[in-house]
Amino acid sequence: MINKNVLLMSLQYFCANIFYVFPFVFLQPFLEYIGYNVIERGILLSSCAIVAIVSQFFIGYLCDKYKTNKKFYIFTVVFVVLSAVLLYSQTEKNFIFHLILVASISGLLRTLMAIQDAWCLEIDNDTKRFYGPIRGFGSLGWMLASPLVSIFISSYGYYSLVYSSIITGGVLMAISLVVKDATKHDSNEPITNNDIKLLLANKEFVLIILIFLIINVLDTANVYTVIDKLMFLQASDQLMSYRWSIQAFVELPIFLMGTYLLKRFGDYKLMMFSSFMFTIKFLLFAISKTPEQIILVTILQAITFPLFLISSKSLVDSITPSNLKSSGQTIASSLSNGPALLLTPIISGLLINSFGVDSTLLIFGIFGILSLVFGYKLKVLRKLILIDSID
């Protein structure tokens, strides 16, 4: 019989990803619609990194300190909804106004995802073991919601995202209330700054973060730089929304097989293979000449993002002390995702202005090779640690 917590968490991921779609996926076209150029959009989109870094560190710490993920998750959903209402209500160019709200939406959505993943891994052994299939329901929600965004915008304009964010956010909060909270380490000793410092001093943890940082740069470029190329090729809003749906759809099989794949190959091999395929994907994006070719290359999402996500959560969980499970996940996400969010849109904008979008995608693809180099260093370090433990 399927664990009730697995079923409820699957429903929560499904509703959460439907909610994430509405304020997020058309941020870039919305900013272009208002009148921001590629450099300005890069600065606006990079602003979310500061919010993501600070909020993930802070909220992850609070989750462990007060032994609850649910309350802080719902509290953050409220902030995202309010930010979406304000953002899509203002269609006149106002840089500071849009800077604050774009940073809030995009940054806090990353924090929500990190809290949610830590929550899922900490409820019980079944939700941890079936993390891949549970996360697959999130992809299903994303896939179904993405086409609706372009339909709403085409029919009712960007203001329709105000109502859709309120409704989907409300449903998500209601579902989250009935899901069991994370089960925290039973200890009377308070979490201290020294605990966090020891985690950050762990050489395995540092190498894993460096690998994640490189992959997150590519994943961020997949959101922004590839969209810039689609807009350069004059792809329709409908086709861009289809791309989001296709990405989510092709992720499903790997997520559903996540438990088997982790057991069969281990998190390290899955991470290395996904890193290699991320590089190949960007090289193919660079040589694509039509929107349809980009959509075809997008199918490689089936073996890049889901394998990376499954392996990354497992790798971090395996080396994080039991009293810092939420902090470990959110800190890893903050240090790898935050800088990628900060630097990638700005660097991408500058490179596109200087060399064009194809050369920019090629540069990102070559940069991805570094993840394989750090992955090899991680393997060597683990062998040395194993030898020391035997001695």
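Residues numbered from 1 in each chain as written. Predicted model: local features only at pLDDT ≥ 70, side-chain atom pairs only at ≥ 80, totals over all residues. Heavy atoms only, no water.

Looking at empty space enclosed by the protein
It is the rolling of a water-molecule-sized probe over the atoms that shows where space remains empty.
Next, step 1: Across all of its chains, the model carries three cavities of 30 Å³ or more by this definition.
Next, step 2: Lining the largest cavity are 37 residues, and of these Met113, Arg135, Asp219, Phe305 and Leu309 lie nearest its centre.
Next, step 3: Breaking the lining of the largest cavity down by element, the ones donating at least two residues are helix H1 (4-24), helix H6 (95-123), helix H8 (131-156), helix H11 (203-232), helix H12 (237-256), helix H15 (305-319) and helix H16 (325-355).
Next, step 4: The class makeup of the residues in the lining of the largest cavity is 16 nonpolar, 15 polar and six charged.
Next, step 5: The space that makes up the second largest cavity amounts to roughly 80 Å³.
Next, step 6: Around the second largest cavity, the lining residues are Phe24, Val25, Phe26, Leu27, Gln28, Pro29, Val223, Tyr224, Ile227, Met240 and Trp244. (1 Å grid on protein atoms, 1.4 Å probe; cavity = no way out; pocket = protein on both sides within 12 Å on 5 of 7 lines; lining within 4 Å. Points joined across faces, edges and corners; volume = space filled by probe spheres on them. Helix = DSSP H or I, 4+ residues; strand = E, 2+ residues; numbered from the N terminus. Nonpolar A, V, L, I, M, F, W, Y, C, P; charged D, E, K, R; others polar.)

Focus on the packing of H11 against helix H17 (residues 357-367)
Next, step 1: Closest axis-to-axis distance for the H11/H17 pair is 10 Å, and the angle between their directions is 165 degrees. Judged on the interaxial angle alone, H17 and H11 are roughly antiparallel. Regarding H11 and H17, the two cross each other, and that crossing is left-handed. Where H11 approaches H17, its residues Ile214, Val217, Leu218, Ala221, Thr225, Val226, Lys229 and Phe232 are matched on the opposing element by Val357, Asp358, Thr360, Leu361, Phe364 and Phe367.
Next, step 2: For the contact of H11 with H17, the class distribution of residues is 10 nonpolar, two polar and two charged. (Axes fitted to C-alpha atoms, helices over the stretch in contact; angles between N-to-C directions. Parallel < 35°, antiparallel > 145°, perpendicular 65-115°, else oblique. Left-handed = near helix turned anticlockwise from the far one by under 90°. Contact = heavy atoms within 4.5 Å.)

Observations regarding the packing of aromatic side chains
The geometry of an aromatic ring pair comes down to the distance between the two centres and the angle between the two planes.
Next, step 1: Applying the stated criterion across every chain yields a total of 17 aromatic pairs.
Next, step 2: Aromatic pair Phe282 and Phe285: ring centres 5.7 Å apart, planes at 85 degrees, arrangement edge-to-face. Taken together, the residues Phe282 and Phe285, both in helix H13 (residues 258-287) and three residues apart, mark about one turn of the helix. Across the pair, exposure class does not vary: Phe282 and Phe285 are buried alike.
Next, step 3: Taking the ring centre of Tyr66 as reference, the NZ or CZ of Lys65 above it sits at 5.7 Å.
Next, step 4: Over the ring of Phe265 we find Arg264; its NZ or CZ atom is 4.9 Å from the centre of that ring. (Phe/Tyr/Trp six-rings, centres within 6.5 Å; stacked < 30°, edge-to-face > 60°. Buried < 20%, exposed > 50% of the residue type's maximum accessible area, 1.4 Å probe, protein only. Lys NZ or Arg CZ within 6 Å of the ring centre and 35° of its normal.)

Section: a positive patch on the surface
Next, step 1: A grouping of Arg264, Lys269, Lys379 and Lys383 is seen on the molecular surface, where their side chains present a positively charged patch.
Next, step 2: Of all the secondary-structure elements, those providing two or more residues to the positive patch are H13 and helix H18 (369-390).
Next, step 3: Turning to its location among the elements, Arg264 is positioned in helix H13. (Patch = residues over 30% accessible without salt bridge, like charges linked within 9 Å, V, L, I, M, F, W, Y side chains within 5 Å. Areas by Shrake-Rupley, 256 points an atom, 1.4 Å probe, with all protein chains shown as cover. Salt bridge = Lys/Arg side-chain N within 4 Å of Asp/Glu carboxyl O. Lys, Arg positive; Asp, Glu negative; His and termini not counted. Charge placed at Lys NZ, Arg CZ, Asp CG, Glu CD.)

Remarks on unusual backbone geometry
Next, step 1: Positioned with a positive phi, Lys67 is a non-glycine residue whose angle comes to about 55 degrees.
Next, step 2: Even without being a glycine, Gln234 presents a positive backbone phi close to 60 degrees.
Next, step 3: Structurally, the position occupied by Gln234 is in the loop between H11 and H12.

Regarding the layout of surface pockets
Next, step 1: The volume enclosed by the largest pocket comes to roughly 250 Å³.
Next, step 2: The set of elements that each furnish at least two residues to the lining of the largest pocket consists of helix H7 (125-129), H8, H13 and H15.
Next, step 3: Residue composition of the lining of the largest pocket, grouped by class: four nonpolar, five polar and five charged.

Quick look at H11
Next, step 1: If you check H11, its first and last C-alpha atoms are 42 Å apart, about what 30 residues at 1.5 Å a residue would give, namely 44 Å.
Next, step 2: The sharpest bend along H11 reaches about 40 degrees and sits at Asn222.
Next, step 3: Taking burial as the measure, the 30 residues of H11 include 25 buried ones, the bulk of the element.
Next, step 4: Regarding H11, its N-cap is Asn202, as a side-chain oxygen of that residue lies 2.9 Å from the backbone nitrogen of Glu204 further along.
Next, step 5: Following H11 by one or two positions, Gln234 adopts a phi angle in the positive range, close to 60 degrees. (Expected span 1.5 Å × (residues − 1). Bend = angle between axes of the 7 residues up to and from the residue. Polar contact = N/O pair within 3.5 Å; in protein donor to acceptor, adjacent residues only side chain to side chain.)

Digging into the pattern of salt bridges
Next, step 1: The tally for this structure, following the rule as stated, stands at seven salt bridges.
Next, step 2: Lys93 is the partner of Glu40 in a salt bridge, and the nearest nitrogen-oxygen pair spans 3.5 Å. Taken together, the residues Glu40 in helix H3 (residues 38-46) and Lys93 in the loop between helix H5 (70-87) and H6 connect sequence positions 53 residues apart.
Next, step 3: The shortest N-O distance in the salt bridge between Asp228 and Arg41 comes to 3.1 Å. Taken together, the residues span a long stretch of sequence, with Asp228 in helix H11 and Arg41 in helix H3 at a distance of 187 residues. Grouping residues by exposure puts Asp228 and Arg41 together as buried.

Concerning the state of the cysteines
Among covalent bonds in proteins, the disulfide is the one between the sulfur atoms of two cysteines.
Next, step 1: Per the stated rule, a full pass over the model turns up zero disulfides.
Next, step 2: Cys48 forms no disulfide, and the closest cysteine sulfur to it belongs to Cys63, at a distance of 20 Å.
Next, step 3: By relative accessible area, which is 0% here, Cys48 ends up buried.
Next, step 4: Note on Cys63: no disulfide assigned, nearest cysteine sulfur contributed by Cys120 at a separation of 14 Å.
Next, step 5: Overall, the relative accessible area of 1% leaves Cys63 in the buried class. (Disulfide = S-S within 2.5 Å.)

Description of the side chain of Arg243
Next, step 1: Mapped onto the elements, Arg243 comes out in helix H12.
Next, step 2: Despite its burial, Arg243 pairs with no opposite charge, the nearest such side chain being Asp219 at 8.1 Å.
Next, step 3: Among all residues touching Arg243, those that are not within four sequence positions of it are Asn222, Val226, Ile227, Leu230, Phe285, Ile294, Ile295 and Thr298.

Everything listed here is a matter of geometry and, on its own, says nothing about what the molecule does.
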